[in-house]
Amino acid sequence: MVTLSQVFFFSLSILFACFEWMTQSDPKMTQSGSTEFAKTATAGGAGDVYGGAAGAAACSSSDVLLNNFQLKKKSYRVLLHGQHLVWERMQRQSVKRPNEAQKVPLPEQQLTAGAESSYGAHSHILHMDDIISICAGNSKHESLQPPPSNRDQQQADGDTKPTAQFLTINYAERLSKSKTDCNRWQLRRITFYNADAYIVRQWQLQLQARVASSPTGGQRVQRLLVFINPFGGRKAGAQTYERFVRPLFQLAGIDATCITTQRANQIRDILLTHDLSCYEAVCCVGGDGTVAEVINGLVFRRMRELGLDEQRPAYIPRPTLPVAVIPAGSTDTIVYSMHGTADVRTAAIHVVLGQKRGLDVCSVSNNRTLLRFCASVLSYGYLGDVAAESEQYRWMGTKRYEYSGIKAFFSNRGYDAELQLLEEPTEPETPQSPASVYTEPPSVCYANCQRCSIASSLQEQRSTLFAANADESRDELQPQQAEQQKKLAEQQAQPNDDATVAVNCESQLNEIETALYRSQLLRPTSLPLQPGGSYGSNMSLPSGLQWKTIRGNFFLICGANITCACARSPNGISRYSHLGDGCLDLILVRKTSFLNNVRFLLNTAGRAGDIRNLPFVEVYRTRKFIFRTLTTPATEENLSLAGSRQPIAQNGSDGVSSEYSSWNCDGEVVTDLDITMSSHCQLIDVFMRGPHSYSKPQKPGVSVPTTPVSSSDNIYCCCKD
């Protein structure tokens, strides 16, 4: 029972704290004396007020905690306000001069959760979204250890007499002032000391509660399935995970189940057949081929769960599990495009922090069936020759790409082809950046990208609308089920009829999915290779939309889903491609002289180059394009996916004639010639925040990618000379 003397003493301590706050000399969190400030209770009363988890729950996220701590034997004033943790070194009390004007105390209205400028010029500010873990211990070494399990933590929270005096906060920080790689993140830690163990306990519980209640706190992963490819790239996938990734996962308290692959298609087989209900995300350690295999496995698994035909699905469903990518390949273009760097620690930190964004995925199909899904680039011609040629030089390791690339570059071969594409995306309300408009520089994709955010909002509205239409159509489907069964029995006698495909697909769906399927009956079922009728499009074409046909002899044809940037090409082959806008960039490089090919490579390698300024390069932004050769080879029926490191499907095809090239799909070889590529807006969630703008000073007259003024300040990079 709380006595009257305890109530009086507690009230007196509150009054004393308020008096010291009002009488301090520096309005920006500095303190004149060395007396401990804002101590909520003494050692005897703190256990009754904030001694356990119940006390932390009693303090809401709007409460302000302010105490004195020691950091490296220096006194610091530490503030916990909203989603910000602020600390500043305490200054010594200076003797006031008679004529010196007294500083005005900090107004209460300036102390807001988002006003970082009100904390002071010398304050260190940390957001809750960047905190990885909070640990307490009786010594500094003990507080640096990984956090205990949930059971041990609950037992520690129930103790009535805490003893820990050291509080260590592990957090992530972006190297924004780095002159070499401003997109890299690193692990930082800070250890505070306070002689009062009850104050340390209170701060630990409050920090943990606010991290959990932050916008990204609920998205953080606790159980993770990790696939490690030991053969990709430099064959250092296992060493990369053990050295850089596992310590971070342990520090964040992530329970990771690791599987080391031993053969091609093993990841896909596990994702298709095993129970994944106990996992919250799937992580892969490898190159672009490993990422593509994970994405293909998750999408095809979702198709099987919904009963869709894998060769001719009515629509492409969205997987439920997000994907985490740890780079361990040769070029790692997917990771570089997502983070702006291929640093392993940066990728692991984004997995720990838990913030996700939607990533576009493209479906690749021929005129008969769906082949696979593409995450980065689908290229024909030069890059296709490099991928096909390098397969016979695997004994050279990563050098095989350089050798095959030089060999194919000097050959300077061209291929006759015809392409059909939509000049404008099928969603007019999505913001456009047409390649034919040069009056204003187009925007690049960055953290908090407005173009991708608008596309995400439209995608959510479209999903909600489809769900509403499905509910309205549920009553209409019941009287038609008997008629459908009758039609199905009649169609089964004619297996070659085109309508059989639609009936079979519809019979495998439930009522809701059937309604969605019927709302998009404009999709063809016979899979003809005609404009607007080719398989692979997930969207119906509005009336009046025209197709554009392009014929010619091409050195390179690329369908870029992302920028495809890497360390050797920081801007990638498509620097203005976005991660989640539902569009892809079709890049056509005409067959020209050897010197022009050199100009093309130089423009892709430098930061100031832009391939759109080259007269023999055409760039189109579209959601779908159809490719076919002008002369069809006699062995077309035998062509399929072959020669892949980790193929999705294989057969016994011998290859393609020298008159034709191969397709390079995420580093894998696809030998089909007539190809349709369609973009699916933010089909899968990945752990990333997006790259940050590179703001090095540019030469006068050079077109520089712009970033909107309305975006938050953290998208701008501090890479300046």
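Residues numbered from 1 in each chain as written. Predicted model: local features only at pLDDT ≥ 70, side-chain atom pairs only at ≥ 80, totals over all residues. Heavy atoms only, no water.

Engineer: Help me understand the overall build of the protein in this model?
Structural biologist: Within the protein, the regular secondary structure consists of 17 helices and 22 strands. Expressed as a percentage of its 721 residues, the buried residues of the protein come to 52%. Put simply, of all contacts in the protein between residues at least 6 apart along the chain, 77% involve residues at least 24 apart. Within the structure as shown, the protein displays about 33600 Å² of accessible surface, and the carbon and sulfur contribution to it stands at 51%. (Helix = DSSP H or I, 4+ residues; strand = E, 2+ residues; numbered from the N terminus. Buried < 20%, exposed > 50% of the residue type's maximum accessible area, 1.4 Å probe, protein only. Contact = heavy atoms within 4.5 Å. Areas by Shrake-Rupley, 256 points an atom, 1.4 Å probe, with all protein chains shown as cover.)

Engineer: Would you mind going over the packing of aromatic side chains with me for this structure?
Structural biologist: Remark: the centre distance and the inter-plane angle together describe each pair of aromatic rings, the angle taken between the planes. Across all of its chains, the model carries 15 aromatic pairs by this definition. For the pair tyrosine 382 and phenylalanine 409, a centre-to-centre distance of 6.2 Å together with 75° between the ring planes defines the contact as edge-to-face. Of this pair, tyrosine 382 sits in helix H12 (residues 382–390) while phenylalanine 409 sits in helix H13 (residues 399–411), placing them 27 residues apart in sequence. Judged by its relative accessible area of 11%, tyrosine 382 is buried. With a relative accessible area of 8%, phenylalanine 409 lands in the buried category. (Phe/Tyr/Trp six-rings, centres within 6.5 Å; stacked < 30°, edge-to-face > 60°.)

Engineer: Would you mind showing me how to read the packing of helix H7 (residues 237–251) against helix H11 (residues 344–353) here?
Structural biologist: Between H7 and H11, the shortest axis-to-axis distance is 10 Å and the interhelical angle comes to 30°. One way to sum up the angle between H7 and H11 is to call them roughly parallel. Relative to H11, H7 is oriented so that their crossing is right-handed. Across from Thr240, Phe244, Val245, Leu248 and Phe249 in H7, the residues of H11 making contact are Val344, Arg345, Ala348, Ile349, Val351 and Val352. Classifying every residue of the contact of H7 with H11 by side-chain character gives 9 nonpolar, 1 polar and 1 charged. (Axes fitted to C-alpha atoms, helices over the stretch in contact; angles between N-to-C directions. Parallel < 35°, antiparallel > 145°, perpendicular 65-115°, else oblique. Left-handed = near helix turned anticlockwise from the far one by under 90°. Nonpolar A, V, L, I, M, F, W, Y, C, P; charged D, E, K, R; others polar.)

Engineer: How do you make sense of a nonpolar patch on the surface when you look at a structure like this?
Structural biologist: Taken together, the side chains of Ile406, Phe410, Phe594 and Leu595 present a nonpolar region at the surface, about 440 Å² in accessible area. Structurally, phenylalanine 410 is set in helix H13. (Patch = residues over 30% accessible without salt bridge, like charges linked within 9 Å, V, L, I, M, F, W, Y side chains within 5 Å. Salt bridge = Lys/Arg side-chain N within 4 Å of Asp/Glu carboxyl O.)

Engineer: Is there a simple way to think about H13 in this case?
Structural biologist: In an α-helix, one full turn covers 3.6 residues, which means residues spaced three or four apart are oriented alike. Along its 13 residues, H13 runs 19 Å from first to last C-alpha, staying within 8% of the 18 Å computed at 1.5 Å per residue. Where H13 is concerned, the buried positions are Arg400, Ser404, Gly405, Ala408 and Phe409. Take H13 and look down its axis: the buried residues cluster within an arc of 155°, on one side only. In the core, the buried residues of H13 are packed alongside H12, strand E16 (547–560) and helix H17 (594–605). (Expected span 1.5 Å × (residues − 1). Arc of directions from axis to C-beta.)

Engineer: Looking at this model, I keep getting lost on the environment of arginine 89. Mind explaining?
Structural biologist: Examined against the element boundaries, arginine 89 turns out to sit in strand E3 (residues 84–89). Put simply, arginine 89 and valine 78 are 11 residues apart on the chain and 8.8 Å apart in space, counted from C-alpha to C-alpha.

Engineer: Can you walk me through the nonpolar core in this structure?
Structural biologist: Generally speaking, a soluble globular protein has its nonpolar side chains buried in company with each other. In this structure, Phe600 and Val617 are the most contacted members of the largest nonpolar core, which totals 64 residues. At 8 residues, the largest contribution of residues to this core is made by helix H9 (residues 288–306). In this view, phenylalanine 600 contacts Leu556, Ile573, Val589, Ile611, Leu614, Phe616 and Val617; residues no more than four positions away in its chain are not counted. (Core = buried A, V, L, I, M, F, W, Y, C linked by side-chain atoms within 4.5 Å.)

Engineer: How do you make sense of the pairing of E3 when you look at a structure like this?
Structural biologist: Regular strands place their side chains on alternate faces of the sheet. Burial of E3 is extensive: 5 of the 6 residues sit out of reach of the surface. With 6 bridges joining them, strand E2 (residues 74–81) and E3 adopt antiparallel strand pairing. Bridging from a neighbouring strand, leucine 79 pairs with valine 86 of E3. The loop that links E2 with its antiparallel partner E3 comprises 2 residues; one of these, glycine 82, has a positive phi angle of about 65°. As judged from the 4 bridges shared by E3 and strand E4 (residues 124–127), these two strands associate in the antiparallel manner. Opposite leucine 85, over in E4, you have leucine 126 as the bridge partner. (Pairing = 2+ DSSP bridges.)

Engineer: Looking at this structure, I do not really get the pattern of salt bridges. What am I missing?
Structural biologist: For side chains bearing opposite charge, pairing can occur when the charged atoms are close. Inspection of the entire model under this criterion finds 18 salt bridges. For the salt bridge of glutamate 305 with arginine 301, the shortest nitrogen-to-oxygen distance reads 3.3 Å. Of this pair, glutamate 305 and arginine 301 both sit in helix H9, 4 residues apart, which is roughly one turn of that helix. Its salt-bridge partner being arginine 451, residue aspartate 581 comes within 2.8 Å of it at the nearest N-O pair. Here aspartate 581 is found in the loop between E16 and strand E17 (584–590), whereas its partner arginine 451 is found in helix H14 (residues 450–491), with 130 residues between them in sequence. No difference in accessibility class separates aspartate 581 from arginine 451, as the two residues are buried. Each member of the salt-bridge network shares a partner with another, and the members are Arg301, Arg302 and Glu305.

Engineer: In this structure, what is going on with the environment of glycine 329? I would like to understand it.
Structural biologist: Examined against the element boundaries, glycine 329 turns out to sit in the loop between strand E11 (323–327) and helix H10 (333–339). Along the primary structure glycine 329 and glycine 289 are separated by 40 residues, whereas in three dimensions their C-alpha atoms are 8.5 Å apart. Contact partners of glycine 329, with chain neighbours within four places excluded, come to Gly233, Arg234, Gly286 and Gly287.

Engineer: Where do I start with the side chain of aspartate 672 in this structure?
Structural biologist: With respect to the secondary-structure elements, aspartate 672 resides in the loop between strand E21 (668–670) and strand E22 (675–687). On the basis of relative accessibility, which here comes to 3%, the residue aspartate 672 falls in the buried class. A polar contact of 3.1 Å, which involves the side chain of aspartate 672, links it to the side chain of asparagine 366. (Polar contact = N/O pair within 3.5 Å; in protein donor to acceptor, adjacent residues only side chain to side chain.)

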